[in-house]
Amino acid sequence: MPDPSAPIVIADARAAAVLLTGLADAAIERAVVLYLDPQWTLLGRSDFVGTADTVTPPLRAIIAEALRLDATALVLAHNHPRGSTRPSAADMAYTRALARVADALDLVLADHLIVAGAEVTSLRDAGLI
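In this report, we go over the structure that sits alongside the text. The residue numbering used here restarts from 1 in each chain and proceeds along that chain's sequence as written. For this predicted model, a pLDDT threshold of at least 70 governs which residues receive local features, and a threshold of 80 or more governs which side-chain atom pairs are given and counted, while totals over whole chains, interfaces and linings are taken from all residues. Side-chain measures here rest on the full set of heavy atoms in the structure, leaving out hydrogens and waters.

### What about the pattern of salt bridges?
Here is the rule: Any Lys or Arg side-chain nitrogen located within 4 Å of an Asp or Glu carboxyl oxygen qualifies as a salt bridge. Starting at the N terminus, helices and strands are each numbered in turn, a helix being any DSSP run of H or I of at least four residues and a strand any DSSP run of E of at least two.
Going through the model one piece at a time under the given rule, you end up with 2 salt bridges. Among the salt bridges present, the one from Arg45 reaches Asp47, with a minimum N-O distance of 2.8 Å. A salt bridge links Arg68 to Glu65; its shortest N-O distance comes to 2.8 Å. Remark: Glu65 and Arg68 occur in helix α2 (residues 59-69); sequence separation between them is 3 residues, near one turn of the helix.

Here it is in structure tokens:
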């Protein structure tokens, strides 16, 4: 059995997805931001609640928490309750905005995951960030 006090390292999208249980089954859009140190060890997590078809976490809140935790990287994840993990135009615009703001503060947007049911799409793996 794994040691619950051991640090959690987010090596890839699959490792991040393990921390997102419950997100896939939510009836409304929800978002999670994972904050990572230089070795991509989990420092903290923020959860945001949206509506039936959108969630837009405040960039200011994400960056404030990243700075408070002295994070160097972020993983954004959100669900699509309607079942498709295909990113919308709004998803892509938000991802680009978060990446720009993060980059200006020497933070890396490591990935943006879209979750629907058992399916997870990594925008990094798809070459979209």
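Here the narrative resumes, following the displayed structure.
### Re the environment of Pro7
Rules: Buried residues are those whose accessible area, probed at 1.4 Å on protein chains only, stays under 20% of the maximum for their type, while exposed residues exceed 50% and partly exposed ones sit between those limits.
Its location among the elements puts Pro7 in the segment before α1 (13-18). Under the relative-accessibility criterion, Pro7 is labelled exposed at 64%. Along the sequence, Pro7 and Leu42 sit 35 residues apart, while their C-alpha atoms lie 7.1 Å from each other.

### A look at unusual backbone geometry
The phi angle at Trp40 is positive, at roughly 65 degrees, despite the residue not being glycine. With respect to the helices, strands and loops of the structure, Trp40 is situated in the loop between β1 (30-36) and β2 (42-49). Residue Asp106 is not a glycine yet carries a positive backbone phi of 60 degrees. Within the secondary structure, Asp106 is located in the loop between α3 (89-104) and β4 (108-116). Judged by its relative accessible area of 69%, Asp106 falls in the exposed class.

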